[in-house]
Amino acid sequence: MISYAPLWKTMEKKNVTTYALIYKHGVSPYTITNLKRNKSITMNTLERLCKILDCTADDIVEFIDECGEQNKK
């Protein structure tokens, strides 16, 4: 399962709102809805979010197994 919990923490840490993502950076409101619902996004969107927030993919998305545990490598 995909979780964007790290994204919301990163945004809070960097003082970036969803409003700013939409109106300042041109992220689609549909994409924001997908993120809020933990739906999949494209790699291009992930890369774009990383550039906007000056972070890595680990700061945006995590994968959780079916038992609710975060997958560790």
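Here, the structure is the one placed above.
Residues numbered from 1 in each chain as written. Predicted model: local features only at pLDDT ≥ 70, side-chain atom pairs only at ≥ 80, totals over all residues. Heavy atoms only, no water.

Help me understand the side chain of T31 in this model?
Within the fold, T31 resides in helix α3 (residues 29-36). Excluding its chain neighbours within four sequence positions, the residues that come into contact with T31 are I41 and T45. (Helix = DSSP H or I, 4+ residues; strand = E, 2+ residues; numbered from the N terminus. Contact = heavy atoms within 4.5 Å.)

What is the right way to read the packing of aromatic side chains from this model?
All chains considered together, the criterion is met by one aromatic pair. Look at Y19 and Y23: their rings are 4.5 Å apart centre to centre, the planes differ by 40 degrees, and that puts the pair in the tilted class. On the criterion of helical spacing, the pair formed by Y19 and Y23 is a turn pair, its members being four residues apart in helix α2 (residues 18-23). The exposure classification of Y19 matches that of Y23, with both residues exposed. (Phe/Tyr/Trp six-rings, centres within 6.5 Å; stacked < 30°, edge-to-face > 60°. Buried < 20%, exposed > 50% of the residue type's maximum accessible area, 1.4 Å probe, protein only.)

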